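# Commentary on secondary and tertiary structure
Okay, here's what each chain looks like letter by letter:
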Amino acid sequence: MAEEGGKSFARRDRLLEIEAKARNWWEEKQVFRAESCEKPPGPGEKFFGNFPFPYMNGFLHLGHAFSLSKLEFAAAYHRLRGANVLLPFAFHCTGMPIKASADKLTREIQQFGEPPVFPEKLEKGNEEVEVEAEDVNAGAPPAKHKGKKSKAASKAGGEVYQWEIMRSFGLSDSDISKFQDPYKWLTYFPPLAVEDLKAFGLGCDWRRSFITTDMNPFFDAFVRWQVRKLKSMGKIVKDLRYTIYSPMDGQPCADHDRSSGEGVQPQEYTVIKMELMAPFPSKLGVLEGRKVFLAAATLRPETMYGQTNAWVLPDGKYGAFEINETDVFILTQRAARNLAYQKYSRVPEKPTCLVELTGYDLIGLPLKSPLALNEIIYALPMLTVLTDKGTGIVTSVPTDSPDDYMALHDLKSKPAFRAKYGVKDEWVLPFENIPIIDIPGFGSNAAEKVCADLKIKSQNEKEKLAEAKRLTYLKGFNEGTLILGEFKGRKVQEVKPLIRSKLIEAGEAISYSEPEKRVLSRSGDECVVALTDQWYITYGETEWKKLAEECLSGMNLYSDETRHGFEHTLSWLNQWACSRSFGLGTRIPWDEEFLVESLSDSTIYMAYYTIAHFLHNGDMYGSSKSAIKPEQMTDEVWDFVFCDGPCPKSSEISSSILSKMKQEFEYWYPFDLRVSGKDLIQNHLTFCIYNHTAIMSKKHWPRGFRCNGHIMLNAQKMSKSTGNFRTIRQAIEEFSADATRFSLADAGDGVDDANFAFDTANAAILRLTKEISWTEEVLGADSSLRPGPPTTYADRVFANEINIAVNRTEQNYSGYMFREALKTGFYDLQAARDEYRFSCGDGGMNRDLLWRFMDVQTRLITPICPHYGEYVWRELLKKDGFVVNAGWPLADAPDLTLQSANKYLQDSIILMRKLLQKQVLGSKKGNKKGTPVTALTEDHNLTGLIYVNEHFDGWKAECLKILQINFNRDSRTFSSDKMIQEALQKSSIGQSKDFRQIQKLCMPFMKFKKDEAIAIGAQALDLKLPFGEIEVLQENLDLIKRQLGLQEVEILSATNPDALSKAGSLVKLLEQNPPAPGSPTAIFLTW
């Protein structure tokens, strides 16, 4: 297998040889080239599937391969069944990661020389630490590695040097220097990705491949047209908005610009200006003459009437920061940094700290706070204040907040606690709770009541306090009524925005935003929320949102969880910053200072695929001599091709080419399937819906998205730092392409994380090569196979299993359930073949049936293992054409009765083997294996008497009739147990004298039959099986003899007295274990 330890790689190497041969066949005949037809396609006649183009700052890895495999398997299935298939592939280079990495190389050269000699190379005592690479899309190095950093660098949180990352890609020092030019990345990684995907067996029309950015003038023109069109429709506007922002990069930081914090949005607070009363303490003496405020961030401005104090973290680090010429805010440096980018700093974007402080310096400060009924309140210590959220200053409303209530309670009830932090009695003891909101079920002192209910004793009981907040906060907002102040008597959710506006308008509060969670840009910068004046796409606008929801409602999403994800995203998604000043991409046509950001140039490019081959002529960079020039692709041309615009009369492109381009688009669009990781639901995929509904006609809206989870390797998170990582190239070299694809198919199909198991890939190598050897053996012994049409029971069963495999595998492929397709189209079919081979005995296997099996199995496995399938098809079976488009195999409707009969036969043989072992050896453990039990019978001549009772009778029949009456066939549900029990009591069973004894037997029998009916349907309640048991067993006497090692076998009816007499003294075994439908009883006689 493909493992270390000196094992042979011959089987893997044979698969690699076969794969190279198959790829040559496909390339020679251009099998995957897709051409449109003049006639529009009917339902199912074409399939256009696509995949989010990967980012080109490294190698493609198994994470890409897993999502891509879902599209590849789907496209291969549709191609196999005869559809005209388009599967294109392109490469994303827009955005900042490549530019950031290139600039990082330049800085490293400037700082450490060329090639750079990094500080840790000079230090002794370096320790090896594991480091994560910057980007999950960056691929992995060709070999397992760990980064090395010094202890100092590690403790400082230093990042991996870009030069070392480039070395891990297998680049020499002389080559790495060239990557200071960001465009070098664009010429280096995409061609390698094409090589890897071809080796993977991707059925792609490579003529349509392209890269993004202005390096590709055709795609650049396409994006310019797209954003101009959106702007003309009012979908792109310039506005002052809060956005996640990287100060280092000097621009907004969208999801794909982040190394962590994807999906994080701005969180808006109200900052309450709690004015510090004179005289100031000496530490704040330099602030005399200024207005100084403790700036407390709150999400509940409507509760400010109930303030009793402010909270600070004693050990917390604070500062006094200049907001403008007169005002100074005391808060954390982190909050001041955010405010500085929201126009609250005397020096824009540069917070100025006048005095550095700790929480101890703030304890006891007298404050005048807006809306507070107490004229003066004081800053007090709280041990659970967070300094990485809000401003580090918190207002205290103990009637509303369980945290505030318990912290104030601790200070009041514990003199030693007050003394520890220098808290004077007059700062705490006079202040009573002020009821402000009446909450149904909790009254006007909700915090006190819930803390009492939960028996909370201290502010340190975090879990209980979290539960207290859960119980009161949402209920207070939705159902609470304000009981004092200007808005007394009105609902909290109604007055909250009114009170907030009033505080801000009065200059007593400001609006403040910060990231919901920590966000790091790809430059390593911690992001802030900035108030920026820039270009936005107006996602969330009411009428546009309705169109997006309409589009979504008509799409196939393949799982409820995926649909819920889109519905949630549509509920919150709002204006999206679409311009950037740093990175690679397309310039905004009307404001060329800015670039179109990376999630905004990739929303409708699926349409570009349909005509890309006209523009690129096989060159992904758009630089070859095409019949069309980039400057000829005017807005009028794009409108004509994609938006039913008028034919551009002044175009320099010939009308025949224009017509062909439009034909291509109209034939392939809308796309049928887009496959992606579920993490793109919250941005890219929803953007795709929005932009299609804005730009395209309804008939061209997307038809389907299929989302999957992440991939784990060997049940562990895929991670470069641990070495638990594989690029696509590494996986192919280690396992072969088809064994890799096999394991990807087996990994799982849902939206939960899936698992790529190396054991499965290694087992696939063995299975595929052994199947090739078996096929060669069968074909070599073709003349010894049984000729003529299939006639035996085993033939009929095997033919039926093939029909079942064809039908069920088609259902699984069409539903994009590839793990199940692998099971029904390969594992189950192989098991049926093995059973058939054993069942045939001396008569041998039927030639026609084996040829059908080899044909069908080759076709069914081909979407997953196309190289293997092509080799068997052409080289072994000597078939014409290519298996990848050979057509779905024809099959009769499955005979489920025959399948049930065969299961009955196999189960009966297992049961009889157990009985034989028990009778001959007195053992309770039966041999479940399918090999004959010759060890039991070699010293005995045995005859088997198999007794069958084909009908339920007596109390069992009565029970089944009751269950039939009380069973709903459509919903597979039963009436209540009470109704069934009443029916049983009214039946002949219930009227019998020994009802109580029979009832003890009835109840477990009825429960068993109910469970069976729920699982398989109403047939479980029939009084007999849908086939003749005696007939099935009689037809398979030879198989039973061979399986059990018997000399003679008789099949007898348990209702025939003459048959019972043959058991002699062993008839008692029949009394102990009476046969019933589906459960024969065997007695073995020695002679």
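Residues numbered from 1 in each chain as written. Predicted model: local features only at pLDDT ≥ 70, side-chain atom pairs only at ≥ 80, totals over all residues. Heavy atoms only, no water.

Counting its regular elements, the chain contains 39 helices and 34 strands. For the chain, the spread of C-alpha atoms along the principal axes amounts to about 115 × 90 × 70 Å. Of all 1087 residues assigned to the chain, the portion counted as buried reaches 55%. Restricting the contact set of the chain to residue pairs at least 6 apart, pairs at least 24 apart contribute 77%. When the accessible surface of the chain is totalled, it reaches about 46,100 Å², and 51% of it is carbon and sulfur. Charged side chains in the chain number 134 positive and 144 negative. The centres of these two groups are separated by 2 Å. (Helix = DSSP H or I, 4+ residues; strand = E, 2+ residues; numbered from the N terminus. Buried < 20%, exposed > 50% of the residue type's maximum accessible area, 1.4 Å probe, protein only. Contact = heavy atoms within 4.5 Å. Areas by Shrake-Rupley, 256 points an atom, 1.4 Å probe, with all protein chains shown as cover. Lys, Arg positive; Asp, Glu negative; His and termini not counted. Charge placed at Lys NZ, Arg CZ, Asp CG, Glu CD.)

Here we take up the packing of helix α25 (residues 758-780) against helix α29 (residues 866-876). One can describe the packing of α25 onto α29 by two numbers: an axis separation of 11 Å at closest approach and a directional angle of 15 degrees. Taken together, α25 and α29 sit at an angle that is classed as roughly parallel. Like other packed secondary-structure pairs, α25 and α29 cross with a definite hand, here right-handed. Contact residues: L768, E771, I772, T775, E776 and L779 in α25; Y868, Y871, V872 and L876 in α29. (Axes fitted to C-alpha atoms, helices over the stretch in contact; angles between N-to-C directions. Parallel < 35°, antiparallel > 145°, perpendicular 65-115°, else oblique. Left-handed = near helix turned anticlockwise from the far one by under 90°.)

Read from one edge of the open sheet, 3 strands run β33-β30-β34, paired in mixed fashion. At either margin of the open sheet sits one strand with a lone partner, and together these are β33 (1048-1053) and β34 (1081-1086). Taking the axes of each pair of neighbouring strands and ignoring which way they run, one obtains an average angle of 20 degrees across the sheet. As paired strands, strand β30 (residues 942-948) and β33 are joined by 6 bridges and run parallel to one another. Bridging across to β33, T943 finds its partner in E1048. Packing of helix α37 (residues 1037-1044) onto the sheet brings it into contact with β30, β33 and β34, and relative to β33 it is tilted by some 120 degrees. (Pairing = 2+ DSSP bridges.)

This part is about the packing of aromatic side chains. Considering all chains together, one arrives at 73 aromatic pairs under this definition. Considering the side-chain rings of Y77 and W888, the 5.5 Å spacing of their centres and the 85 degrees angle between planes classify their relative orientation as edge-to-face. Taken together, the residues span a long stretch of sequence, with Y77 in helix α2 (residues 62-80) and W888 in the loop between α29 and α30 (896-921) at a distance of 811 residues. We classify Y77 as buried; its relative accessible area is 3%. Taking 6.1 Å as the distance between ring centres and 55 degrees as the angle between the ring planes, the aromatic pair formed by F735 and F756 counts as tilted. Of this pair, F735 sits in helix α23 (residues 728-735) while F756 sits in strand β29 (residues 754-756), placing them 21 residues apart in sequence. The same class applies to F735 and to F756, which are both buried. The ring of F640 carries K662 above its face, with NZ or CZ at 5.2 Å from the centroid. (Phe/Tyr/Trp six-rings, centres within 6.5 Å; stacked < 30°, edge-to-face > 60°. Lys NZ or Arg CZ within 6 Å of the ring centre and 35° of its normal.)

Let us look at the pattern of salt bridges. If you walk through the whole model with that rule in mind, you get 67 salt bridges. For D173, the salt bridge goes to R167, with nearest N and O atoms at 2.8 Å. Using a relative accessible area of 27% as the deciding quantity, one classes D173 as partly exposed. D361 is the partner of K283 in a salt bridge, and the nearest nitrogen-oxygen pair spans 3.3 Å. (Salt bridge = Lys/Arg side-chain N within 4 Å of Asp/Glu carboxyl O.)

Turning our eyes to something else, we now look at helix α21 (residues 655-668). End to end, α21 covers 20 Å across 14 residues, agreeing with the expected 20 Å (1.5 Å per residue, within 8%). Within the span of α21, buried status applies to L658, M661, K662, E664, F665, Y667 and W668. Each element contacted by the buried residues of α21 is listed here: β1 (46-50), β2 (84-86), α18 (605-609), α19 (612-616) and α20 (635-642). (Expected span 1.5 Å × (residues − 1).)

We now examine the side chain of D749. Within the element layout of this structure, D749 appears in the loop between α24 (737-746) and β29. Within the structure, D749 has its side chain in polar contact with the backbone nitrogen of R819 (distance 2.6 Å). If sequence neighbours within four positions are ignored, D749 has contacts with K70, R706, Y816, M817, F818, R819 and E820. (Polar contact = N/O pair within 3.5 Å; in protein donor to acceptor, adjacent residues only side chain to side chain.)

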